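In case you want the letters, here they are:
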Amino acid sequence: MTTLTAPGTTATPTRRPSATRGLVRAVLLLHRPALYLWAGLFVVLVALLLWLYGPATDAAAAAWREYDRCTKATCAYDQDAILRYKSYSQYASLALTFLPFLVAAWAGASLIGREMETGTAQLAWTQSVSPARWLAVKLAVPAALVTVGTSVLVVLHRQMWVRSQGRIDNTKSWTDTFVFHANGPTTVALALSGLAVGALAGIRLRGSLSALVISVVCTVGVRAALGLALPYLWPTVRTVTSLTHDGPTSLGLTVHHGLLTSTGARLPDPLCGSSRTSECSTIYHRLDAVSFYTDSHPQSHYWPLQLMATGLVLVLTALVLLVAFRLLKRDTGSAPLTKGATL
């Protein structure tokens, strides 16, 4: 049907809505349950961290002051406030630690795996949306939400932990594995890596359940490998102490410790103790040991370790995404595309 226009006027072509914009809306609508769950979890954790930062810290700190002033065998102090803070702060650290696993499970099972399994993805590719653009938008939308939400939670967790230092005696040290990651950007990087791993598993396996399992397993593997590599991502500081001490002295996160001989060789620590005892003195003399040594990371190394670990995980995430896009292109390269859809 031809549209007639008045003489001297030019027909204005009808502007079609952006395919990418429509795909973004489709992603948000299709995954509304996950969006609501993420929003609910975010609100709960924000409320918990704000409570820990304010009233819970104040109550626990006041209880510790009362406890420290005790001069009797029994005295009155709010033990419940101390235990309450300890428990809920650990819950908050654990929740942030397990967020990447939840992201990986959802990405593998629902975001990509189920759509590949049910044919929803193939249907989208017939609507002038190329597979590459489909995957890019499918990942960009949750990546933005995960990055912003997790970053806010990490900042609040760190503020809560910093405010408790020197005031609450039973708070976890910065070297605690859960606190270390919950206080820094490695949690955000691990969540993004979980998203990427889930996408790759969904594309490769094309099944929601199998992609869920493999995504979680691989993300756990990344987290475990990072824990093993972390102490070696930044040069350590060596502390040398006399054999008259009870043992090696650590500055924070211990990497290696043991004995130094007169030639500078390193030996395992026999765990005997101070050389003031004749038994230990005899052992050290036989080993030609002259001092204890400890290679460790002081607290000043926290941010170098965090940034190195974050960069390492982000590089791995980029590689996983590259593999996912290339795999999708290989699998769909021979598939017929609609007019206007390009790889």
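Here, the structure is the one placed above.
Note that the structure is predicted; figures quoted are calculated from it, not measured. (Residues numbered from 1 in each chain as written. Predicted model: local features only at pLDDT ≥ 70, side-chain atom pairs only at ≥ 80, totals over all residues. Heavy atoms only, no water.)

Undergrad: I'm lost on the overall build of the protein in this one. Help?
TA: Scanning the protein from N- to C-terminus turns up 10 helices and four strands. Tracing the protein from N to C terminus, the helices and strands come up as α-α-α-α-α-α-α-α-β-β-β-α-β-α. Over its C-alpha atoms, taken along the principal directions, the protein stretches across nearly 105 × 55 × 45 Å. Here the protein holds 343 residues, and the buried ones make up 41% of them. (Helix = DSSP H or I, 4+ residues; strand = E, 2+ residues; numbered from the N terminus. Buried < 20%, exposed > 50% of the residue type's maximum accessible area, 1.4 Å probe, protein only.)

Undergrad: It is not clear to me how unusual backbone geometry should be interpreted in this structure. Could you clarify?
TA: Excluding glycine, residues mostly have negative phi values, and the peptide bonds linking residues are mostly trans. Even without a glycine there, the phi angle at arginine 206 is positive, about 55 degrees. Here arginine 206 shows up in the loop between helix H7 (186–205) and helix H8 (208–229). Despite not being glycine, leucine 271 shows a phi value in the positive range, around 60 degrees. Along the chain, leucine 271 turns up in the loop between strand E3 (266–268) and helix H9 (278–287). On the basis of relative accessibility, which here comes to 68%, the residue leucine 271 falls in the exposed class.

Undergrad: When you look at the sheet that holds strand E4 (residues 289–297) in this model, what are you seeing that I'm missing?
TA: Adjacent strands of a sheet pair through backbone hydrogen bonds, lying either parallel or antiparallel. Ordered by their spatial adjacency, four strands build an open sheet running E1-E4-E2-E3, and the pairing between neighbours is antiparallel. The two strands at the open ends of the sheet, each matched to only one other strand, are strand E1 (237–242) and E3. If you compare each strand with its neighbour and ignore which way they point, the axes differ by 40 degrees on average. The sheet contact formed by E1 and E4 spans six bridges and is antiparallel. Along E4, the bridge assignment pairs serine 242 with serine 291. (Pairing = 2+ DSSP bridges. Axes fitted to C-alpha atoms, helices over the stretch in contact; angles between N-to-C directions.)

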